[in-house]
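Structure at a glance
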Amino acid sequence: MTSNKPRITIVGYGSQGRAHALNLRDSGFDVTVGLRPGGPTELKAKADGFTVKTPADAVKDAEIVAVLTPDMVQPQLYGEVLEPHMAEGACLLFAHGFNVHYGQISPRADLDVVLVAPKGPGALVRREYEIGRGVPSVYAVHQDTSGKAEQLALTYCAGIGGARQNAIKTSFKEETETDLFGEQAVLCGGATKLVQAGWETLVEAGYQPEVAYYECLHELKLIVDLFYEGGVTRMHEFISETAQYGALTRGNYVVDDNTRAQMRKVLAEIQDGTFARQWIAEYAAGNANYKAMKQADLDHPIETVGKQLRANMQWLSTSQAANTTAKQSEAA
């Protein structure tokens, strides 16, 4: 059934969906986009030159169906639209293992089921591909009915540019649990709370909120860029000896045994399904708690100070416009 260039349908056209579709087409694949009629992303996909069909029609002849919609809409989408219309023996592909790992989607037995997850947002996946590089990716096989599932995953991964950086084989379990942990404990939850707590500590001690903003939030980018380029080693190469000594002797004050115990608790709730059950229930109930907690983050006083300071940072205007475009695509 499959060839070196399998027919691919991308379901969803947000940040990741658009990047995957464009990269795959540029790699020589026959790509169709599956979207609900009349939505804002339908117009965008057509403007980008893709054949756009309803998801039910788009998946009928596809050899690979990539589901790139938000996690919480995928179970209903699969059960009501994709499963009844996908061709026998096709390959069902995800960019995150959440729904398969936590049993929200139980794929048909005749399907290959794989995962290809770029380690970066869609805009970066596209930009790196265009300049001849690629965002590192992981891939996994959940169900190998044809005996070719791994090769299909690698073919897709190569098509979006991920194989240029030596894709790493993982499992749905490992990808899902490590991805959630990284978001919650370090990248999003941990970093946000650390920044806010640091700012609050300085302001409560009488320091200017603007100066505290620069020290606890603004300059974080400088350190993260060094991490990105060469890990902790590169950070030590570029910060002062005073900063190094302070980091080495005081970092454990903040990330201590209690912090590590809390991280293990975060991981345990991911592993035993507690987090997934809570999030699924929250979404099903209308997201009232989620919206309230998010608004509290947006209303934190560091955001007021930051908005005022960033208004004078003219170099941010271009990146802000790009991020706004990406956010709108993702939301749609």
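Here goes a summary of the coordinates provided.

What counts as what
Residues numbered from 1 in each chain as written. Predicted model: local features only at pLDDT ≥ 70, side-chain atom pairs only at ≥ 80, totals over all residues. Heavy atoms only, no water. Buried < 20%, exposed > 50% of the residue type's maximum accessible area, 1.4 Å probe, protein only. Helix = DSSP H or I, 4+ residues; strand = E, 2+ residues; numbered from the N terminus. Pairing = 2+ DSSP bridges. Right-handed = clockwise from strand over helix to strand, strands pointing away. Salt bridge = Lys/Arg side-chain N within 4 Å of Asp/Glu carboxyl O. Core = buried A, V, L, I, M, F, W, Y, C linked by side-chain atoms within 4.5 Å. Contact = heavy atoms within 4.5 Å. Axes fitted to C-alpha atoms, helices over the stretch in contact; angles between N-to-C directions.

1. Examining the pairing of strand β5 (residues 91-94)
- The two faces of β5 match: Cys91 and Leu93 on one face and Leu92 and Phe94 on the other face are all buried.
- Sheet topology places strand β4 (residues 64-67) next to β5; 4 bridges connect them, and they run parallel. Looking across to β5, one finds that alanine 66 is bridged to leucine 93.
- Handedness of the crossover joining β4 and β5 through helix α4 (residues 74-85): right-handed.
- Examined bridge by bridge, β5 and strand β6 (residues 112-118) share 4 bridges and lie parallel to one another. Counted as the bridge partner of leucine 93 is valine 114 from β6.

2. Focus on the pattern of salt bridges
- All told, the structure shown has 15 salt bridges when counted by the stated rule.
- Close ionic contact of lysine 46 with glutamate 42 constitutes a salt bridge, the shortest N to O distance being 3.4 Å. Of this pair, lysine 46 and glutamate 42 both sit in helix α2 (residues 40-47), 4 residues apart, roughly one helical turn.
- A relative accessible area of 14% means that glutamate 42 is categorised as buried.
- Where glutamate 128 meets arginine 133, a salt bridge forms, and the shortest distance between an N and an O atom there is 2.8 Å.
- Look at glutamate 128 and you get buried, because its relative accessible area is 11%.
- Overlapping salt bridges, with partners in common, bring together Asp26, Arg126 and Glu130 in one network.

3. Notes on the nonpolar core
- Among the nonpolar cores identified, the biggest contains 27 residues, and Ile10, Tyr13, Leu24, Val33, Val116 and Tyr156 are the most heavily contacted of them.
- Secondary-structure elements contributing two or more residues to this core are β1 (8-11), α1 (15-26), β2 (31-34), β4, β5, β6 and α7 (149-159).
- At 5 residues, the largest contribution of residues to this core is made by α7.
- With residues near it in sequence (within four places) discarded, valine 116 still touches Leu93, Phe94, Ala95, Val138, Tyr139, Ala153, Tyr156, Cys157 and Ile160.
- Listed in part, the 21 residues of the second largest apolar core include Ile105, Leu111, Val113 and Leu115.

4. Thoughts on the sheet that holds strand β3 (residues 51-53)
- The 8 strands lie next to each other as β3-β2-β1-β4-β5-β6-β7-β8, forming an open sheet whose pairing is mixed. This sheet does not close on itself; its edge strands, each paired only once, are β3 and β8 (168-169).
- Contacts from helix α8 (residues 172-187) reach β5, β6 and β7 (137-143), with the element oriented near 35 degrees to β6.

Don't take any of this as a statement about function, it's just geometry.
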